[in-house]
Amino acid sequence: MKKDVLEILFCPACNSPTLNIEDVSYDNKREIRTGSVRCTSCDSRFEIKDGILNLLIDPANKIIKEQQGWARLEKAVVNTDELMLALPNAFGEHEKAWKSQADNFNLIFPVIKINSSDKVLDIGAGRCWATRLFAKKGCYTVGLDILLTKYVGLLTGDVYIEKEKVFFERIYSLMEKMPFRDNTFNTVFVSASLHHSSYVSKVIKEISRILKPGGSFVVINEPVRGCLSRNNVSELPEYKEGINENIYKLHTYLDSLKKAGMTFKIYPYIGGYFLPLMIINNILPEILKDKLGKVEVWPPLVRIQLFLFGGVLNLIATRPSH
């Protein structure tokens, strides 16, 4: 953690911006690795450990179960630094599990308008693979998650910081109540993480609050349940491990965006749950790669697909400039 991150944070206990470095026991000249932060308004103290600022206070039992579940799942497969450095384009036993994530990220990432002077937040950053790609663009980048375990959580950030010589902040906190000041970020990014919240509307309202006017909210890889689909989260291995899994219908996301005062555009996606549409969705983006987002017939067709059959939501929303 670098000291200047305090300029965009407030205390999660009292919402005051009066956070100060209390002590530093280890600084490696790149960042503060060990120390603490104190709120001068309510005297709350927050630990800095391994460069990560812990602003997660009184986590609910559901959060604790999710953390434990992800830690167990990480041990069930072989993860390596080399795999993390390759993400989202995984290999070996991980390739199949990551294919949809990689395909949709590689489809949408070039569409996102990013300037090197921008501030970017990656919510549900997890392994921080996407966080570091924004940082490589020169952005001031922050990854937020409730997971710490290396290879599934924020501790994975050290792999990129050490081996790719890139830097980004890591904040340990909830997405439903984020400790960031209003109008902070130019871009908020989420990949396959919104559905882990039981309060999507609350998360999106928070995102609108912390976005700068005119800022973008980028959603990639969010599963959507169609009216005709039979997706059952109870069959997922993550759900069986106590992880909060949901497959929301399209209107849950769109209604929440409208309530938050945001406009949006739906983009094509690769993959899905309905075989004929999977084939079409895999072919069209490749054929029309240079026209992605310009073919106006796509958004309504994709919306119909998601409404009826479900699939994957790729969307860019905007907070109005006024």
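Everything discussed here concerns the structure shown above.
This section reports on the structure supplied with the text. Values in this document were obtained by computation on a predicted structure and should not be read as measured data. (Residues numbered from 1 in each chain as written. Predicted model: local features only at pLDDT ≥ 70, side-chain atom pairs only at ≥ 80, totals over all residues. Heavy atoms only, no water.)

**Things to note about empty space enclosed by the protein**
- All chains considered together, the criterion is met by one cavity of 30 Å³ or more.
- Lining the largest cavity, in full, are Leu194, Ile204, Phe217, Val219, Tyr253, Leu257, Leu313 and Leu315.
- For the lining of the largest cavity, the elements supplying multiple residues, two or more each, are strand S9 (211–224), helix H8 (250–259) and strand S11 (311–318).
- Looking at side-chain class alone, the lining of the largest cavity contains eight nonpolar, no polar and no charged residues. (1 Å grid on protein atoms, 1.4 Å probe; cavity = no way out; pocket = protein on both sides within 12 Å on 5 of 7 lines; lining within 4 Å. Points joined across faces, edges and corners; volume = space filled by probe spheres on them. Helix = DSSP H or I, 4+ residues; strand = E, 2+ residues; numbered from the N terminus. Nonpolar A, V, L, I, M, F, W, Y, C, P; charged D, E, K, R; others polar.)

**Concerning the layout of surface pockets**
- Within this model, the second largest pocket holds a volume of roughly 350 Å³.
- If you trace the second largest pocket, you find 16 residues lining it, with Ile112, Lys113, Ser216, Ile316 and Thr318 closest to the centre.
- Of all the secondary structure elements, the ones that give two or more residues to the lining of the second largest pocket are strand S8 (185–191), S9, strand S10 (263–267) and S11.
- The dominant element in the lining of the second largest pocket, judged by the number of residues it contributes, is S9, at four residues.
- Per-class residue counts for the lining of the second largest pocket are six nonpolar, seven polar and three charged.

**Considerations on the pattern of salt bridges**
- If you walk through the whole model with that rule in mind, you get 16 salt bridges.
- Of the charged contacts, one joins Lys136 and Glu164 as a salt bridge, the two residues approaching to 3.4 Å between their closest N and O atoms. Of this pair, Lys136 sits in helix H4 (residues 129–136) while Glu164 sits in the loop between helix H5 (157–163) and strand S7 (169–172); the two residues are 28 residues apart in sequence, bridging distant segments of the chain.
- One salt bridge connects Asp158 with Arg170, and the closest N-O pair in it is separated by 3.8 Å. Remark: Arg170 occurs in strand S7 and Asp158 occurs in helix H5; sequence separation between them is twelve residues.
- The exposure class assigned to Asp158 is buried, which follows from its relative accessible area of 19%.
- When its relative accessible area of 1% is taken as the criterion, Arg170 is described as buried.
- Each of Glu22, Arg38, Asp43 and Arg45 takes part in one network of salt bridges that share partners. (Salt bridge = Lys/Arg side-chain N within 4 Å of Asp/Glu carboxyl O. Buried < 20%, exposed > 50% of the residue type's maximum accessible area, 1.4 Å probe, protein only.)

**A word on the sheet that holds strand S3 (residues 45–49)**
- Strand order in the open sheet made by the eleven strands is S1-S2-S3-S4-S7-S6-S5-S8-S9-S11-S10, with mixed pairing throughout. Where the open sheet ends on each side, the last strands, each with one partner, are strand S1 (19–27) and S10. Sheet twist, expressed as the average angle between the axes of neighbouring strands with direction ignored, equals 20°.
- In this sheet, S9 lies alongside S8 in parallel orientation, the contact comprising six bridges. (Pairing = 2+ DSSP bridges. Axes fitted to C-alpha atoms, helices over the stretch in contact; angles between N-to-C directions.)

**Quick word on H8**
- Within H8, the full set of buried residues consists of Leu250, Tyr253, Leu254, Ser256 and Leu257. The arc that holds every buried residue of H8, seen down its axis, measures 160°, which confines them to one face. Of the exposed residues in H8, the ones pointing more than 90 degrees away from its buried face are Lys258 and Lys259.
- Positive backbone phi, approximately 80°, marks Gly261, located one or two places after H8. (Arc of directions from axis to C-beta.)

**Describing helix H1 (residues 61–75)**
- With 15 residues, H1 extends 22 Å between its outermost C-alpha atoms, agreeing within 8% with the 21 Å of an ideal straight helix rising 1.5 Å per residue.
- Taken residue by residue, H1 has Ile63, Glu66, Gln67, Gly69, Trp70 and Glu74 as its buried positions. On an axial view of H1, the arc spanned by its buried residues comes to 165°, and they lie on one face. (Expected span 1.5 Å × (residues − 1).)

**Overview of the packing of helix H3 (residues 95–108) against H4**
- The geometry of H3 relative to H4 is characterised by a closest axis approach of 13 Å and an angle of 20° between their N-to-C directions. With respect to their mutual orientation, H3 and H4 come out roughly parallel. Seen from above, H3 lies across H4 with right-handed handedness. Between H3, through Trp98, Gln101 and Phe105, and H4, the contact on the second element is made entirely by Trp129, Ala130 and Leu133.
- A per-class count over the contact of H3 with H4 returns five nonpolar, one polar and no charged. (Parallel < 35°, antiparallel > 145°, perpendicular 65-115°, else oblique. Left-handed = near helix turned anticlockwise from the far one by under 90°. Contact = heavy atoms within 4.5 Å.)

**Here's the deal with the environment of Gly157**
- Secondary-structure assignment places Gly157 in helix H5.
- Each C-alpha atom, one on Gly157 and one on Trp129, is 8.0 Å from the other, the two residues being 28 residues apart in sequence.

**With respect to the pairing of strand S5 (residues 119–123)**
- Burial within S5 is extensive, with four of its five residues counted as buried.
- Pairing of S5 with strand S6 (residues 140–145), which is carried by five bridges, proceeds in the parallel orientation. Residue Lys119 lies in a different strand from S6, and its bridge partner there is Tyr140.
- Handedness of the S5-H4-S6 crossover: right-handed.
- By the bridge criterion, four bridges tie S5 to S8 in an arrangement that is parallel. When the sheet's bridge partners are listed, Leu121 is paired in S8 with Val188. (Right-handed = clockwise from strand over helix to strand, strands pointing away.)

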